[in-house]
Amino acid sequence: MASLHYKALDSISVSDIEALGISSSIALKLYEDISEIINTHGPSSPQTWTLLSKRLLHPLLPFSFHQMMYYGCFKDFGPDPPAWSPDPEAATLTNVGQLLERRGKEFLGSTYKDPISSFSHFQEFSVSNPEVYWKTILDEISVSFSVPPQCILSENTSRESSLASPGVQWLPGAYVNPAKTCLTLNCKRTLDDVVIRWRDEGNDDMPVSSLTLEELRSEVWLVAYAINALGLDRGSAIAIDMPMNVESVIIYLAIVLAGHVVVSIADSFAPLEISTRLKISEAKAIFTQDLIIRGDKSIPLYSRVVYAQAPMAIVIPTKGCSFSMNLRDGDISWHDFLEKATGLRGDEFAAVEQPVEAFTNILFSSGTTGEPKAIPWTHVTPFKAAADAWCHMDIRKGDIVAWPTNLGWMMGPWLVYASLLNGASIALYNGSPLGSGFAKFVQDARVTMLGVIPSIVRIWKSANSTSGYDWSAIRLCIVGFSPVTDSRYIHYGLVKYGSCFASTGEASSVDEYLWLMGRAQYKPIIEYCGGTEIGGGFVSGSLLQPQSLAAFSTPAMGCSLFILGDDGHPIPQNIPGMGELALGPLMFGASSTLLNADHYNVYFKGMPLWNGKILRRHGDVFERTSRGYYHAHGRADDTMNLGGIKVSSVEIERVCNAVDSNVLETAAIGVPPPQGGPEQLVIAVVFKDSDDSTVDLDKLRISFNSAVQKKLNPLFRISHVVPFSSLPRTATNKVMRRVLRQQLSQQDQNSKL
């Protein structure tokens, strides 16, 4: 931990504080306040840090002072120091806290004490009692079935059923429409409640636009009527290839309301990627825009859809009512499309209720090799997304939730359901999330829940994008590790730092998260990791547990986690260790089929049993620490063997990224030498200034070696450092280390390293 480089809190002097650029008078006042807190709570307790973060630290103080306080306080604490701790009174006011105060003794019997101390027992209860738990949560988020389920979970034991999804059927017999539930009046909302807030980039000084529930219902009903007028068969797949703006959210809900299946396509994709997804899903129509406007740039979108030989396109103009190009024969303008529902505006659309096992959305994996996996969400999956938000992010009526993403990634649909099913409002910024425009929108929209990925935080910190903006309305930051990245910034090179985006398994940085907490007066960060095939998270944080930076504090509600040892079998529960992660098979809302691959072979074949049930493959390397936290260490296939020691690429990259301020990102690759023998560790490095030819690579290699040997293992040795202008990535911006390994192996054979 970086605290080794800092003085203990009770050793810090006034001159140490002044050395950070703080004036003498302010430094003296800070020193006196620190001394007072230390005298009461000691120099290194979690209570000390809580008081320091609440009373002393604010965004106007140099971040180096925040670091001095954090690392000084926890200098000798060991792993996983708590950067935020729950307040007992506030904990009882959370969604889970209120539920446990009402029914904790009913669920947990005499072991129930209070929401904080009993939270882990409640998580275990959610796994062992799925009938009771999921019935309770579905009631809490006001899910209304047109035909109620026969039960919550039906476990079939036949061999045939277990090959598809090991004997699991959730909510058998139920009929529902999740879009209808999003729009239904209930105790959480009225027709006058604002449910979407948005602003377009370039209009940063204009008031935030808004849509009430009454207005949203009217717009969704109108689009649903117009979709019906297209004459498509019930259950047809309809694609959306648009930025995530108010129109695309309305279209998404309308497709689901009308009984069709959304095909999610990210607006950054090239024609070949679009075409692949349209063919796999057999989409019958596609909603798109003519252009994407980013600053003074106009990026073509409709033309890519045309090149992809898409089916009938409904095209929205971004500038006024006219297009800058002609539409294909058979394609329809947005205006002409809505004309199909003339006279029906304001009339309620009768939602198409479907069996819960019917598809509602087809999403895609990143497609690292071959074509991407086509992952259908059923009508159960939206409720998994909403339940995670209810339990782990405490999203509720009155919250305003912003998460820069796209409907092409799972976090787009997740954001829709997590917000609307919990009575909250969605906040959408139609533009780049990387600059001050987005930071101002967070302030002006009074965002209370801010979702990000680590790379966005890295860019904000590097560019100081949030400076001068008031984020005090935020009560929670959510850092996600799912494929949530908006990759158009990479495809079109719109920002200097675009190449550092990544997604699942991306390295967390304690300093970056400490900086993020400091922008919002040390509100908690909840880390959240999941996958498209899960419809949400499998590991997360909670407002009822202390949260450590760059760490997860709990399996997600209803989920069980297993870390596989070297023998391929789970290590004992609650024992520290690191290995490939496996999941318990009974996960509400998780996929049970793939459109273009064998689901059983992908997720279950060859996996070990636990209590008679086959575990589900996930593919990430995770560590369970001695204090019960979880750390992500990248994909299992991104590990290497250095001198007989297994190590994650992400672990090495985390160290190397912090060595030199000129380094934007690194990739650690194990390259087998041409003559055979142990893998050599090679670091691919991208510099912030790619044109700087003065970098001494050998000196950088020595610095990398020193840091890796000091912080990871003294036996590790970096053989070469190779500069790259950017790292190869998948469509969802995962670093393709296999591609790098091939390139570096070829260079090694040609003696170019």
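Residues numbered from 1 in each chain as written. Predicted model: local features only at pLDDT ≥ 70, side-chain atom pairs only at ≥ 80, totals over all residues. Heavy atoms only, no water.

K.L.:
Explain the overall build of the chain to me, using residue names and the numbers behind them.
P.N.:
Along its length, the chain carries 25 helices and 35 strands. For the chain, the C-alpha radius of gyration of 26 Å lies close to 27 Å, the compact-globule estimate for 753 residues. In the chain, which comprises 753 residues, the proportion classed as buried is 59%. Taking the contacts inside the chain whose residues are at least 6 apart along the sequence as the reference set, 68% of them involve residues at least 24 apart. Of the accessible surface of the chain, which amounts to about 28,600 Å², a share of 49% is contributed by carbon and sulfur atoms. Put simply, the chain has 62 plus and 75 minus side-chain charges, and the middle of one group is 2 Å from the middle of the other. (Helix = DSSP H or I, 4+ residues; strand = E, 2+ residues; numbered from the N terminus. Rg over C-alpha atoms; globule rule 2.2 N^0.38 Å. Buried < 20%, exposed > 50% of the residue type's maximum accessible area, 1.4 Å probe, protein only. Contact = heavy atoms within 4.5 Å. Areas by Shrake-Rupley, 256 points an atom, 1.4 Å probe, with all protein chains shown as cover. Lys, Arg positive; Asp, Glu negative; His and termini not counted. Charge placed at Lys NZ, Arg CZ, Asp CG, Glu CD.)

K.L.:
A description of the sheet that holds strand S30 (residues 630-635) should follow, citing residues and the corresponding values.
P.N.:
The strand order across the open sheet built from 4 strands is S25-S26-S29-S30, with neighbouring strands paired in antiparallel fashion. Whereas interior strands pair on both sides, the edge strands pair on one side only; in this sheet they are strand S25 (561-563) and S30. Here the average twist between neighbouring strands, direction ignored, is 40°. Relative to S30, strand S29 (residues 616-624) is paired through 4 bridges, and the arrangement is antiparallel. Bridged to arginine 624 within S30 is tyrosine 630. (Pairing = 2+ DSSP bridges. Axes fitted to C-alpha atoms, helices over the stretch in contact; angles between N-to-C directions.)

K.L.:
Help me get a handle on the pattern of salt bridges, residues and values and all.
P.N.:
Applying the stated criterion to the full structure yields 18 salt bridges. A salt bridge links lysine 135 to aspartate 139, with the nearest nitrogen and oxygen atoms 3.3 Å apart. Pair noted here: lysine 135 and aspartate 139 are both in helix H8 (residues 130-140), with a separation of 4 residues, about one helical turn. A relative accessible area of 48% places lysine 135 in the partly exposed class. A salt bridge links aspartate 394 to arginine 475, with the shortest nitrogen-to-oxygen separation between them at 3.1 Å. (Salt bridge = Lys/Arg side-chain N within 4 Å of Asp/Glu carboxyl O.)

K.L.:
Describe the side chain of glutamine 123, and please don't skip the residues or the numbers.
P.N.:
Its location among the elements puts glutamine 123 in helix H7 (residues 119-128). Given a relative accessible area of 7%, glutamine 123 falls into the buried group. Apart from the residues within four sequence positions on either side, glutamine 123 is in contact with Thr554, Pro555, Ala556, Met557, Gly558 and Cys559.

K.L.:
So what's going on with the sheet that holds strand S20 (residues 476-480)? Residues and values would help.
P.N.:
Spatially, 9 strands are ordered S6-S5-S18-S17-S19-S20-S21-S22-S24 in an open sheet, and the strand pairing comes out mixed. Across the chains shown, the open sheet's two edge strands, defined by having one partner strand only, are strand S6 (209-212) and strand S24 (554-555). In terms of strand pairing, strand S21 (residues 525-531) meets strand S22 (residues 536-540) through 4 bridges, oriented antiparallel. Paired with glycine 531 across the bridge in S22 is glycine 536.

K.L.:
Can you explain the nonpolar core? Please cite residues and give values.
P.N.:
In this structure, Trp49 and Phe337 are the most contacted members of the largest nonpolar core, which totals 162 residues. Not counting the four nearest positions on each side in its chain, tryptophan 49 is found in contact with Leu57, His66, Met69, Tyr70, Cys73, Phe74, Pro82, Ala83, Leu514 and Tyr522. (Core = buried A, V, L, I, M, F, W, Y, C linked by side-chain atoms within 4.5 Å.)

K.L.:
Break down the side chain of arginine 277 for me, with residues and values.
P.N.:
Along the chain, arginine 277 falls in helix H13 (residues 271-281). Among buried charged residues, arginine 277 stands out as having no salt bridge; its nearest opposite-charge side chain is glutamate 273, 5.3 Å away. A distance of 3.1 Å separates a polar atom in the side chain of arginine 277 from the backbone oxygen of glutamate 273. (Polar contact = N/O pair within 3.5 Å; in protein donor to acceptor, adjacent residues only side chain to side chain.)

K.L.:
Lay out the packing of aromatic side chains with the relevant residues and their values.
P.N.:
Following the criterion strictly, the structure yields 30 aromatic pairs and no others. Taking the centre distance of 4.1 Å and the plane angle of 10° together, the rings of tryptophan 134 and phenylalanine 588 count as stacked. Taken together, the residues span a long stretch of sequence, with tryptophan 134 in helix H8 and phenylalanine 588 in the loop between strand S26 (577-583) and helix H22 (599-603) at a distance of 454 residues. With a relative accessible area of 2%, tryptophan 134 lands in the buried category. On the basis of relative accessibility, which here comes to 2%, the residue phenylalanine 588 falls in the buried class. (Phe/Tyr/Trp six-rings, centres within 6.5 Å; stacked < 30°, edge-to-face > 60°.)

K.L.:
Account for the packing of helix H4 (residues 63-73) against helix H21 (residues 510-519), naming residues and giving values.
P.N.:
Helix packing geometry: the angle between the two helix axes and the distance between the axes. Between H4 and H21, the least distance of the axes is 10 Å, while the angle of their chain directions is 110°. On the basis of their axis angle, the class for H4 and H21 is roughly perpendicular. As H4 runs across H21, the sense of the crossing is right-handed. Two secondary-structure elements touch here, H4 through Phe63, His66, Gln67, Tyr70 and Tyr71 and H21 through Val510, Asp511, Leu514, Trp515, Gly518 and Arg519. (Parallel < 35°, antiparallel > 145°, perpendicular 65-115°, else oblique. Left-handed = near helix turned anticlockwise from the far one by under 90°.)

K.L.:
Account for the packing of H7 against H8, with residues named and values stated.
P.N.:
Interhelical geometry of H7 versus H8 gives an angle of 105° and a closest axis separation of 6 Å. In terms of orientation, H7 and H8 fall into the roughly perpendicular class. Residues Phe122, Phe125, Ser126, Val127 and Ser128 of H7 touch H8, and the partners they reach there are Pro130, Val132 and Tyr133.

K.L.:
Explain the environment of leucine 52 residue by residue, including any values.
P.N.:
The topology assignment puts leucine 52 in helix H3 (residues 46-56). Under the relative-accessibility criterion, leucine 52 is labelled buried at 0%. As for leucine 52 and alanine 473, which are separated by 421 residues in sequence, their C-alpha atoms are 20 Å apart. When residues no more than four places from it in sequence are discounted, the contact partners of leucine 52 are Leu9, Ile34, Ile37, Leu57 and Met69.

Shape descriptors only; they carry no functional weight alone.
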